[in-house]
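# Summary of the model geometry
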Amino acid sequence: MRPACPTCAAPDETVAVRKALLDADRPLDPPTRELLSLPPAPGGTSGAAITFFILAGLLALLGLHTLLSGDGGGSSDPAYRIGYRYGAFLVAAVLLGIGLAVHSDHRSRRSATADQWPQTHEQWQQLQQVWRETWLCRRCRVAFLPAAPPGPDVAASPAVPLAQFPQWTATLARRAGRPGTPAASD
Ligand SMILES: [Zn+2]
């Protein structure tokens, strides 16, 4: 059963935020999508960097296999044999370098926003917990929490304009995470 919107008191246009983001039939406009999306987990390795690390690992394995097979690639030219034997390692090293560069760029971009919350993975999980409980009314363009609050200190909320969604969820998550959770010394 869908919860009713606190503003228009009707349930016909309400949808869980995480479902609205996935709804291909009624896609949200890009600015709204941006506002409602859960921010990426802090300190993580980006998908692009992981792809480079995996490719580098595979090529290193391939290079190792070539090296161990002792095969020179069917040529007697020493330069060609060296290239054939160690080429995969060279490419692996280049890919590893690119992966590390992408990773450190990702990290530095994250630390540029270090004054923002969440900063630790635990805090991000609290945020995710709150975020999963949020609903949206498409008619009124407001977000709200239905009856079940995500934490003991968090009351079911009145409607919040979508422009305030990121700050609102962060505030709720910080409040929900406070009892019994020592501040992370990160
Ligand atoms: Zn409404």
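If you're wondering where the values come from, they're calculated on a predicted model, not measured in any experiment. (Residues numbered from 1 in each chain as written. Predicted model: local features only at pLDDT ≥ 70, side-chain atom pairs only at ≥ 80, totals over all residues.)

On to the environment of Ile 98. Its location among the elements puts Ile 98 in helix α4 (residues 78–112). Taking the C-alpha atoms as reference points, Ile 98 and Ala 56, separated by 42 residues in sequence, lie 9.7 Å from one another. (Helix = DSSP H or I, 4+ residues; strand = E, 2+ residues; numbered from the N terminus.)

Helix length check: helix α3 (residues 47–69), at 23 residues, gives a terminal C-alpha distance of 33 Å against a target of 33 Å (1.5 Å per residue), a fit within 8%. Regarding α3, the residues found buried are Ala 49, Phe 52, Ala 56, Leu 59 and Gly 63. (Expected span 1.5 Å × (residues − 1). Buried ≥ 20, exposed ≤ 12 C-beta atoms within 10 Å, placed from the backbone.)

This paragraph deals with helix α5 (residues 121–133). Between the first and last C-alpha of α5 there are 19 Å, a value that for 13 residues agrees with the 18 Å anticipated at 1.5 Å per step. Every buried residue belonging to α5 is among Gln 123, Trp 124, Gln 126, Leu 127, Val 130, Trp 131 and Glu 133, and all of these are buried.

Let us look at the nonpolar core. In terms of nonpolar packing, the biggest core is built from 21 residues, with Val 17, Leu 36, Val 130, Leu 136, Val 142, Ala 143 and Phe 144 touching the most fellow members. Taken together, the elements giving at least two residues each to this core come down to α1 (17–22), α5, β2 (135–137), β3 (142–144) and α6 (165–177). Grouped together as the second largest cluster of nonpolar side chains are seven residues, Phe 52, Leu 59, Ala 88 and Ala 92 included. (Core = buried A, V, L, I, M, F, W, Y, C linked by C-beta atoms within 7 Å.)

Okay, the confidence of the model for the protein chain next. Low-confidence regions, as indicated by low pLDDT, have predicted coordinates that should not be scrutinised in detail. A residue-level look at the protein chain finds 81% of positions with pLDDT of 70 or above and a mean pLDDT of 83. In this model, residues 180–186 is a region of pLDDT below 50 whose contacts with residues beyond four sequence positions or in other chains number four contacts. (pLDDT = per-residue confidence, 0-100. Contact = placed C-beta atoms within 7 Å.)

Strand order in the open sheet formed by four strands is β1-β2-β3-β4, and the pairing between neighbours is antiparallel. In this open sheet, the two edge strands, each paired with only one partner strand, are β1 (14–16) and β4 (160–161). Taken together, the three bridges between β2 and β3 define a ladder with antiparallel strand orientation. Following the sheet pairing, Cys 137 is matched in β3 by Val 142. (Pairing = 2+ DSSP bridges.)

Summarising the element assignment, Gly 70 is placed in the loop between α3 and α4. It is 8.3 Å that separates the C-alpha atoms of Gly 70 and Arg 85, two residues lying 15 residues apart in sequence.

Once that is clear, we can look at unusual backbone geometry. We note that Ala 9 has phi near 65 degrees; this positive angle belongs to a residue other than glycine. By the C-beta count within 10 Å, which is 8 here, Ala 9 ends up exposed. Phi is positive for Arg 141, which is not a glycine, with a value near 55 degrees. Within the fold, Arg 141 resides in the loop between β2 and β3.

With respect to the element layout, Val 130 can be found in helix α5. Each C-alpha atom of the pair Val 130 and Trp 168 lies 10.0 Å from the other, and the pair is 38 residues apart in sequence.

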